[in-house]
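Chain by chain, the residues run as shown.
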Amino acid sequence: MPIKWERMFPTEGWKPNKPHNVKSVATSNIAVLENEEVNNTEKKSRFGESATLELSDNYFREKSPNSAAMLMESKAAARTLKVGSRGEDVKRLQENLNTLGYNTGKPDGIFGNGTKNAVIAFQRAKGLTADGIVGSGTQNAITRALNEKTAAANSNILKVGSKGAKVTQLQRNLNSLGYNAGTPDGAFGTGTKNAVVSFQKTYGLSADGVAGKATQDAIATTISRKSKGILSKGQVSNDVRNLQNDLKTLGYLASNADGAFGTGTEAAVKAFQKNHNLTQDGLVGASTRSHISAAVERKKQKQATSTTNPSQPKNSEPENHSKESERLEMSDKGFSLLMQYEVGQNANGVDYDKNGNITAIAIKDIGDGKYTVGFGNTVDKNDSTQITEYREKYGLDVTKIGTKVDIGTCKKIYNDHVNYYTSKVDDLLKRTNYHAKQNEYEALVLAVYNRPALANKGKALENLLKNNVKDKKEWEKQIMDDYHNGVSTQKWNIYNKGWRNRTLDEIELFFESDYKRNH
């Protein structure tokens with residue numbers, strides 16, 4: 001008996017490439033294929049591109065970079081997928097659900113509870129029976145959703161020949177950023193293409209002259225930063241040229257000052273920020289601009305002094321800041337210990353290894369208009385610029401609640417953003433002129449995490465560091481006195497033992513580089 005296959009696309013304009021093996025029977029708007037020896041067929045996709053369909057694991061699927069959707073399902077042999085199912089069809093299901101924003105975890109071809117939960121979420125969103133079982137109805141709905149997603153993405157791509165309000169806005173944005181797209185007339189011609197190519201080259205994107213999602217997002221981000229008075233990658237202006245000349249003066253930039261803020265200028269800005277204990281984001285806002293101007297002025301004064309006093313070696317202290325202390329960052333061990341304080345054991349949305357160490361943390365909606373990513377990092381739900389930055393820099397869509405972020409990425413985000421606790425420690429070290437070792441720095445961060453007031457002016461940590469106290473008992477006494485004086489008697493009686501245990505752990509880390517929780 002021939003096997004019947006059901007095609008999931010409109011039949012108009014479609015013909016099999018082996019008519020002697022396959023015959024098409026029209027049934028309303030669906031083509032039913034009878035085939036004894038199906039190899040592959042070709043169709044014209046709804047977007048006008050040639051695509052190939054192949055038989056694999058009871059499914060016809062489209063061999064196209066634009067879609068991973070399974071396009072045909074065997075009416076005779078296709079199986080229902082549910083918890084316990086395994087195979088390539090399960091893996092493709094997981095890939096498709098992930099593409100649609102329903103997180104199944106890493107596609108592994110094993111239908112477990114994570115996949116079931118994703119299926120249920122999809123079914124609920126589509127008004128289907130939410131049983132976590134993938135039959136033909138659910139699979140067809142997934143296919144439709146994938147096709148709609150692809151269609152929506154393609155409709156937003158702007159290229160030569162595109163016309164309309166979106167093109168007009170693109171041209172205005174490019175002109176605003178310093179790229180000559182000509183008069184904003186809504187017609188995407190050669191001039192607009194050249195402007196897009198120039199922006200893409202400056203920003204570090206594939207320079208194909210097509211304004212797809214990545215390019216449009218990058219332009220929107222750059223426009224947003226410019227509106228806030230921030231110089232950043234992608235801008236072309238005299239202000240950028242002046243910035244580049246200053247960076248050249250300070251020895252951070254070797255290339256010509258061309259006025260185009262590209263990846264080289266961004267790297268130079270980050271290097272300057274690192275050497276001046278600033279957030280290393282490559283953005284030149286008021287603080288970074290002020291520090292650069294001050295550094296240039298210092299260098300000019302040194303050069304003037306050297307000219308009037310020949311006995312002093314010229315450029316005796318070049319602007320390489322080799323003598324300046326750089327902002328320390330949390331190490332893997334320090335960050336892991338901090339996570340243990342913050343998250344604890346058996347917490348919801350947290351993955352652990354066999355030794356109880358945290359390996360991943362889920363993105364959460366903390367209910368005050370913000371998403372929390374990892375530890376200590378929040379993103380405003382309405383801040384499209386920050387959401388785009390997280391996507392570009394860390395590969396994270398922070399709007400996908402429940403997505404697990406590995407601990408390495410959590411640490412990178414934490415170190416990239418001067419967190420409240422680390423910024424308080426940085427300020428403490430500047431005030432006391434204390435040059436902390438790695439373990440000392442992390443002990444201070446932990447202490448400030450447990451009680452931020454300890455780092456305030458005139459409090460325990462300032463006194464201990466300023467006077468270079470080395471007696472561990474004195475550290476314990478002063479810190480616990482600060483705890484005692486800052487809380488009510490009732491709180492002290494309830495919590496003082498726990499506070500003391502944490503303090504002893506922090507002191508052991510500071511003096512003995514002991515990263516374990518011993519108390």
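Look up a bit, the structure's there.
A brief look at the structure comes next. (Residues numbered from 1 in each chain as written. Predicted model: local features only at pLDDT ≥ 70, side-chain atom pairs only at ≥ 80, totals over all residues. Heavy atoms only, no water.)

Quick look at the environment of lysine 149 now. In this fold, lysine 149 is placed in helix 3 (residues 136-155). In this structure, the C-alpha to C-alpha distance between lysine 149 and threonine 99, residues 50 residues apart in sequence, is 9.1 Å. Ignoring sequence-local partners within four residues, the contact set of lysine 149 consists of Thr99 and Leu100. (Helix = DSSP H or I, 4+ residues; strand = E, 2+ residues; numbered from the N terminus. Contact = heavy atoms within 4.5 Å.)

This paragraph deals with helix 17 (residues 489-512). With 24 residues, helix 17 extends 32 Å between its outermost C-alpha atoms, agreeing within 8% with the 34 Å of an ideal straight helix rising 1.5 Å per residue. The sharpest bend along helix 17 reaches about 60° and sits at tyrosine 495. Of all the residues in helix 17, the buried ones are Trp492, Asn496, Trp499, Thr503, Asp505, Glu506, Ile507, Glu508, Leu509 and Phe510. Of the residues flanking the end of helix 17, it is serine 513, one or two places downstream, whose phi is positive at about 55°. (Expected span 1.5 Å × (residues − 1). Bend = angle between axes of the 7 residues up to and from the residue. Buried < 20%, exposed > 50% of the residue type's maximum accessible area, 1.4 Å probe, protein only.)

Another aspect to go through is the packing of aromatic side chains. The final tally for this structure, using the stated rule, is eleven aromatic pairs. Seen in terms of ring centroids, tyrosine 179 and phenylalanine 199 are 5.7 Å apart; in terms of plane orientation they differ by 80°. Their pairing is edge-to-face. Of this pair, tyrosine 179 sits in the loop between helix 4 (165-176) and helix 5 (190-203) while phenylalanine 199 sits in helix 5, and the two are 20 residues apart along the sequence. Phenylalanine 199 matches tyrosine 179 in its accessibility class, with the two residues each being buried. (Phe/Tyr/Trp six-rings, centres within 6.5 Å; stacked < 30°, edge-to-face > 60°.)

With respect to topology, three strands assemble into an open sheet ordered 8-9-13, the strand pairing being antiparallel. Each edge of the sheet is formed by a strand with only one pairing partner; in this case those strands are strand 8 (350-352) and strand 13 (404-406). Sheet twist, expressed as the average angle between the axes of neighbouring strands with direction ignored, equals 25°. Here three bridges tie strand 8 to strand 9 (residues 358-362), and the two strands are oriented antiparallel to one another. Looking across to strand 9, one finds that aspartate 351 is bridged to alanine 360. In the packing of helix 12 (residues 407-416) onto the sheet, the strands contacted are strand 9 and strand 13, and the crossing angle to strand 13 comes to about 75°. (Pairing = 2+ DSSP bridges. Axes fitted to C-alpha atoms, helices over the stretch in contact; angles between N-to-C directions.)

Residue asparagine 433 is not a glycine yet carries a positive backbone phi of 55°. As for its placement among the helices and strands, asparagine 433 is situated in the loop between helix 13 (420-432) and helix 14 (438-450). What makes asparagine 433 exposed here is its relative accessible area of 58%.

The next thing to look at is the nonpolar core. Counting residues in each nonpolar core, the largest one holds 54 residues, and the members touching the most others are Val373, Leu429, Leu444, Leu461, Leu465, Trp475 and Ile479. In terms of nonpolar packing, the next biggest core, distinct from the first, is built from 16 residues, Leu231, Leu278, Ala295 and Val296 among them. (Core = buried A, V, L, I, M, F, W, Y, C linked by side-chain atoms within 4.5 Å.)

Attention shifts here to the sheet that holds strand 11 (residues 370-372). An order of 10-11-12 is seen for the three strands of this open sheet, with the pairing classed as antiparallel. The sheet is open, and its two borders are formed by strand 10 (364-365) and strand 12 (378-380), each paired with just one other strand. Both strand 10 and strand 11 contribute to a ladder of two bridges, which runs antiparallel. Bridging from a neighbouring strand, aspartate 365 pairs with tyrosine 371 of strand 11.

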